[in-house]
Number of protein chains: 2
Amino acid sequence: MTTSGTRKTPTSTELAAWREYIEAAEEMRRAVSSAMQDQSGVSSGDYSVLLALSEADGHRLRSSALADDIGWERSRLSHHLGRMEKRGLVARDRCGEDNRGAWIAITAEGSSLFRTASAAHFRVIRRLFVDALDDGELEGVRAVSAALRRHVRSTGGNASQDD
Amino acid sequence: MTTSGTRKTPTSTELAAWREYIEAAEEMRRAVSSAMQDQSGVSSGDYSVLLALSEADGHRLRSSALADDIGWERSRLSHHLGRMEKRGLVARDRCGEDNRGAWIAITAEGSSLFRTASAAHFRVIRRLFVDALDDGELEGVRAVSAALRRHVRSTGGNASQDD
DNA sequence: TCCTCCTGGTTGACATGTCAATCATAAGAG
DNA sequence: CTCTTATGATTGACATGTCAACCAGGAGGA
């Protein structure tokens, strides 16, 4: 990628970009999460789970399929489902086809909360993110984010001393 | 801001940009944090604290000044300092001028770990972030991130129904 | 002095994430 | 059929974050 020879540490310009990026993302995450909480009582984690279940056949999914859908580790999902189950938003049912497995289903209460939360979600994303950018910037953000994801996925596991 | 009339929800293009952005940031955070942990045993939180203390006069700061420096809430900092103190990286001393206050000082062990971690930090940022982007993209990311931060700071607290 | 209010900081309860260990069942080898 | 191994999912221990309550000490006025 960059080919500036034997440079080992980022320049101050590069570091400034990094800091701006990571802090912006952090502030955005915090703001969205707090606004969602206020307006609907649903966290982004809850929202991801409810969305995947809402779109699923029969409004239910096997635990591991749900984890794949939303890109979570299974243990993370299991803990989160425990909390959501306690709140009555989802139900866990034994799976006949495979007695190890579990079906995760959205409850009526979960569906109803999801509808409210969807509206709030869209409002919040528009107000905090979309409205801050023009169409060109939006496309730029999308493209660069996709590039970063590709880069992290292809490079991320390798922790070698890369010089 | 946007003036497309009565639109209430983001378009699918806008939503796609949002998803790409927030997931890229999340994956980046996770990858950096995991690489830092592997290479130096220091989390980003630890790193922020150690950096601020290293740069401070006498390598120590009042707790609230430290919180301001790194932009954390005081309770978050207090919890984190408790964990770092247990590991021997920082020390809390009573403050003579104001008996309510506390001086937070970096220990010798903390300083030494910080030097290691700095090198790892720079390597990781370069490998995972800087190397993914050319100079133009880097500047674009910086500018858009700054714009997003400004927008969130000016809009964030206001949770009104914005149409 | 005494009373009230402000301020620096800590605490407890809880939500969220990660990792390694565990448990039960399924699947395949013999 | 039994033993070993793989798989689906949960658990426990801990790090990290947020919020609201608290506590102790300073500051100012009557």
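Everything numeric in this text was worked out from a predicted model, so none of it was measured. (Residues numbered from 1 in each chain as written. Chains lettered and ligands numbered in written order. Predicted model: local features only at pLDDT ≥ 70, side-chain atom pairs only at ≥ 80, totals over all residues. Heavy atoms only, no water.)

**As for the environment of A:Ala35**
All names here are of chain A. As for its placement among the helices and strands, alanine 35 is situated in helix α1 (residues 12–40). Each C-alpha atom, one on alanine 35 and one on threonine 11, is 36 Å from the other, the two residues being 24 residues apart in sequence. Apart from residues lying up to four places away in sequence, alanine 35 is in contact with Val124 and Arg127. (Helix = DSSP H or I, 4+ residues; strand = E, 2+ residues; numbered from the N terminus. Contact = heavy atoms within 4.5 Å.)

**With respect to the packing of aromatic side chains**
Per the stated rule, a full pass over the model turns up eight aromatic pairs over all chains. For the pair A:Trp18 and A:Tyr21, a centre-to-centre distance of 6.4 Å together with 40 degrees between the ring planes defines the contact as tilted. Of this pair, A:Trp18 and A:Tyr21 both sit in helix α1, three residues apart, which is roughly one turn of the helix. Between A:Trp18 and B:Phe129 the ring centres are 5.1 Å apart and the planes differ by 65 degrees, which places this aromatic pair in the edge-to-face class. You can see A:Trp18 sitting in helix α1 and its partner B:Phe129 sitting in the loop between α5 (108–128) and α6 (135–155), one on each of two chains. Take B:Phe129: its relative accessible area is 0%, and that puts it in the buried class. Three or more aromatic residues joined by ring pairs form one cluster here, namely A:Trp18, A:Tyr21 and B:Phe129. Geometry around B:Trp103 places B:Arg60 over its ring, the cationic atom sitting 3.8 Å from the centre. (Phe/Tyr/Trp six-rings, centres within 6.5 Å; stacked < 30°, edge-to-face > 60°. Buried < 20%, exposed > 50% of the residue type's maximum accessible area, 1.4 Å probe, protein only. Lys NZ or Arg CZ within 6 Å of the ring centre and 35° of its normal.)

**Side note on the protein's contact with DNA strand D**
A:Arg30, A:Ser64, A:His79, A:Arg92 and B:Ser75 are the nearest of the 22 residues found near DNA strand D. When atoms of DNA strand D within 4 Å of the protein are sorted by moiety, sugar and phosphate together comprise 57%. One of the side-chain nitrogen or oxygen atoms of B:Arg76 is found 3.2 Å away from a phosphate oxygen of DNA strand D. B:Asn99 is positioned such that a nitrogen or oxygen atom in its side chain is 3.3 Å from a phosphate oxygen of DNA strand D. Elements with a minimum of two residues in the surface near DNA strand D: α3 (63–70) and α4 (74–86) of chain A together with α4 (74–86) of chain B. At five residues, the largest contribution of residues to the surface near DNA strand D is made by α4(B). Partitioning the surface near DNA strand D into residue classes produces one nonpolar, eleven polar and ten charged. (Near = heavy atom within 4 Å. Polar contact = N/O pair within 3.5 Å; in protein donor to acceptor, adjacent residues only side chain to side chain. Nonpolar A, V, L, I, M, F, W, Y, C, P; charged D, E, K, R; others polar.)

**Quick look at the protein's contact with DNA strand C**
Around DNA strand C sit 22 residues, and of these A:Ser75, B:Arg30, B:Ser64, B:His79 and B:Arg92 come closest. In DNA strand C, atoms within 4 Å of the protein come from the sugar-phosphate backbone in 58% of cases. Side-chain polar atom of B:Ser78 to a phosphate oxygen of DNA strand C: 3.0 Å apart, as the coordinates give it. Looking at the surface near DNA strand C, the elements that each hand over two or more residues are α4 of chain A together with α3 (63–70) and α4 of chain B. The dominant element in the surface near DNA strand C, judged by the number of residues it contributes, is α4(A), at five residues.

**Let's talk about the relation of the copies chain A and chain B**
Mapping chain A onto chain B calls for a rotation angle of 180 degrees and an axial translation of 0.0 Å; the resulting RMSD is 0.0 Å. When the rotation and shift are considered jointly, the pair of chain copies conforms to a two-fold rotation axis. Of every C-alpha in chain A, the one belonging to A:Ala25 sits nearest the axis of rotation, 3.1 Å from it. (Least-squares fit on C-alpha atoms with pLDDT ≥ 70 in both.)

**Observations regarding the packing of α1(A) against helix α5 (residues 108–128) of chain A**
Residues and elements named next belong to chain A. One way to put it is that α1 packs onto α5 with a least axis distance of 9 Å and a crossing angle of 140 degrees. Here α1 is positioned oblique relative to α5, judged by the angle of their axes. The chirality of how α1 crosses α5 is right-handed. Contacts from Met28, Ala31, Val32, Ala35, Met36, Gln39 and Ser40 in α1 reach Leu113, Ala117, Ala120, His121, Arg123, Val124, Ile125, Arg127 and Leu128 in α5. (Axes fitted to C-alpha atoms, helices over the stretch in contact; angles between N-to-C directions. Parallel < 35°, antiparallel > 145°, perpendicular 65-115°, else oblique. Left-handed = near helix turned anticlockwise from the far one by under 90°.)

**Let's talk about the UniProt feature "domain: HTH marR-type" (unreviewed entry) in chain A**
The UniProt feature table records "domain: HTH marR-type" (unreviewed entry) at residues 14–150 of chain A. This span, residues 14–150 of chain A, is 71% helix and 9% strand, and a straight line between its end C-alpha atoms measures 20 Å. (UniProt positions renumbered as here; feature names shortened; annotations may be inferred.)

**Some words on the interface of chain A and chain B**
Listed by partner, the interface residues are 55 residues for chain A and 55 residues for chain B. Across the chain A to chain B interface the summed buried area is about 6,000 Å²; carbon plus sulfur atoms make up 64%. Among the residues chain A hides against chain B, the three largest losses belong to A:Trp18, A:Arg126 and A:Arg127. Together they make up 12% of the total. For the interface between chain A and chain B, the tally reads eight salt bridges. A salt bridge links B:Arg149 to A:Glu27, with the nearest nitrogen and oxygen atoms 2.9 Å apart. Here chain A is connected to chain B by 14 residue pairs in polar contact (both at pLDDT 80 or more). Looking at the side of chain A that touches chain B, the elements that each hand over two or more residues are α1, α5 and α6 (135–155) of chain A. A total of 16 residues in the side of chain A that touches chain B trace back to one element, the largest contributor, which is α1(A). (Buried area = accessible area lost by both parts, 1.4 Å probe. Salt bridge = Lys/Arg side-chain N within 4 Å of Asp/Glu carboxyl O.)

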